[in-house]
Amino acid sequence: DVKVTQSSRYLVKRTGEKVFLECVQDMDHENMFWYRQDPGLGLRLIYFSYDVKMKEKGDIPEGYSVSREKKERFSLILESASTNQTSMYLCASSGDRGPVEKLFFGSGTQLSVL
Amino acid sequence: DAKTTQPPSMDCAEGRAANLPCNHSTISGNEYVYWYRQIHSQGPQYIIHGLKNNETNEMASLIITEDRKSSTLILPHATLRDTAVYYCIVSDYNFNKFYFGSGTKLNVKP
């Protein structure tokens, strides 16, 4: 089975801190994604990556950046955390080249910014 | 990508079939219909997908209308562990992006 591992299940940070959320997948997948999930808003795509060192903005990239130095690892960076970035963050990966897209998700990181 | 419309919540008795509807009236010819579910405190899990024909796997069945404007996910014998939020998504692989809406909260009751 595909395993997508997020480094922390719960994280508490202070406003202004630089925050790193790490995600690792073990199936040699090309595509990796970062979503955030908020009550009533569903999942919203922040960034995604098709390949190493490649990234594309999703629907809500403001305040975030990403890094993909190795194929298996996709990091989400909050340069200066703010309270409105308190959310559940979900990482996903996909190895499909189309037309079918099966996403495999991690368990999520609940981030609280105080 | 086409948008989908799902009821916010549904109830189902344990052991009975759960039929979850989804409207996607603006779906285009090369867009697939996908269903995922999210059990509380976990990431979403893939269930099934289809293009035109009805599909069945070990988890569920997917019925797509002939005009492809709507679909129904069927859990044939719902259990308490099927209580989750179910997302219906339509997507064109060219974008490699999925749009998750708010989904349908399915409550399976004993």
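Everything here concerns the structure above.
Residues numbered from 1 in each chain as written. Chains lettered and ligands numbered in written order. Predicted model: local features only at pLDDT ≥ 70, side-chain atom pairs only at ≥ 80, totals over all residues. Heavy atoms only, no water.

S.K.: Any details on the overall build of chain B? Residues and values, ideally.
M.R.: Helix and strand counts for chain B stand at zero helices and nine strands. Counting from the amino terminus, chain B carries its helices and strands in the arrangement β-β-β-β-β-β-β-β-β. For chain B, the C-alpha radius of gyration of 13 Å lies close to 13 Å, the compact-globule estimate for 110 residues. Reported as C-alpha extents along the three principal axes, the dimensions of chain B are approximately 40 × 30 × 25 Å. In chain B, the share of contacts with a sequence separation of at least 24, taken over all contacts with a separation of at least 6, comes to 57%. Summing over all exposed atoms, chain B offers an accessible surface of approximately 5,500 Å²; the carbon and sulfur share of this is 49%. (Helix = DSSP H or I, 4+ residues; strand = E, 2+ residues; numbered from the N terminus. Rg over C-alpha atoms; globule rule 2.2 N^0.38 Å. Contact = heavy atoms within 4.5 Å. Areas by Shrake-Rupley, 256 points an atom, 1.4 Å probe, with all protein chains shown as cover.)

S.K.: Let's hear about the overall build of chain A: which residues, and what values?
M.R.: Within chain A one finds zero helices and 11 strands. The order of α-helices and β-strands along chain A, N terminus first, is β-β-β-β-β-β-β-β-β-β-β. In terms of overall dimensions, chain A is globule-like: its C-alpha atoms have a radius of gyration of 13 Å, near the 13 Å expected for 114 residues. Overall size of chain A, expressed as C-alpha extent along the three principal axes, is 40 × 30 × 25 Å.

S.K.: Just give me the short version of the pairing of strand E2 (residues 18-23) of chain B, but keep the residues and values in it.
M.R.: Residue and element names in this part refer to chain B. The side-chain alternation of E2 yields one buried face, formed by Ala18, Leu20 and Cys22, and one unburied face, formed by Asn19, Pro21 and Asn23. Bridge analysis of E2 against strand E7 (residues 70-75) gives six bridges, and the strand direction is antiparallel. Bridge pairing in E7 links Asn23 to Ser70. (Buried < 20%, exposed > 50% of the residue type's maximum accessible area, 1.4 Å probe, protein only. Pairing = 2+ DSSP bridges.)

S.K.: Now, about the sheet that holds strand E3 (residues 32-38) of chain B: what can you tell me, with residues and values included?
M.R.: Residue and element names in this part refer to chain B. Pairing is mixed across the open sheet formed by five strands, whose spatial order is E1-E9-E8-E3-E4. Strands with a single pairing partner mark the edges of an open sheet, and in this sheet they are strand E1 (9-13) and strand E4 (45-50). Between one strand axis and the next, the sheet turns by 25° as a mean value, whatever way the strands run. Relative to E4, E3 runs antiparallel, the two sharing five bridges. Bridge pairing in E4 links Tyr36 to Tyr46. (Axes fitted to C-alpha atoms, helices over the stretch in contact; angles between N-to-C directions.)

S.K.: Can you break down the layout of surface pockets residue by residue, with the values?
M.R.: If you roll a probe as big as a water molecule over the atoms, it shows you where there is empty space left. Considered as a void within the structure, the largest pocket measures approximately 520 Å³ in volume. Along its surface, the largest pocket is lined by 27 residues, and Gln37 of chain A together with Gln38, His40, Val85 and Tyr87 of chain B are the ones closest to its centre. When residues of the lining of the largest pocket are traced back to their parent elements, those giving at least two are strand E4 (31-38) and strand E9 (87-94) of chain A together with strand E8 (84-91) and strand E9 (104-109) of chain B. A class-by-class count of the residues in the lining of the largest pocket yields 10 nonpolar, 14 polar and three charged. (1 Å grid on protein atoms, 1.4 Å probe; cavity = no way out; pocket = protein on both sides within 12 Å on 5 of 7 lines; lining within 4 Å. Points joined across faces, edges and corners; volume = space filled by probe spheres on them. Nonpolar A, V, L, I, M, F, W, Y, C, P; charged D, E, K, R; others polar.)

The values reported here are purely geometric and, on their own, carry no functional implication.
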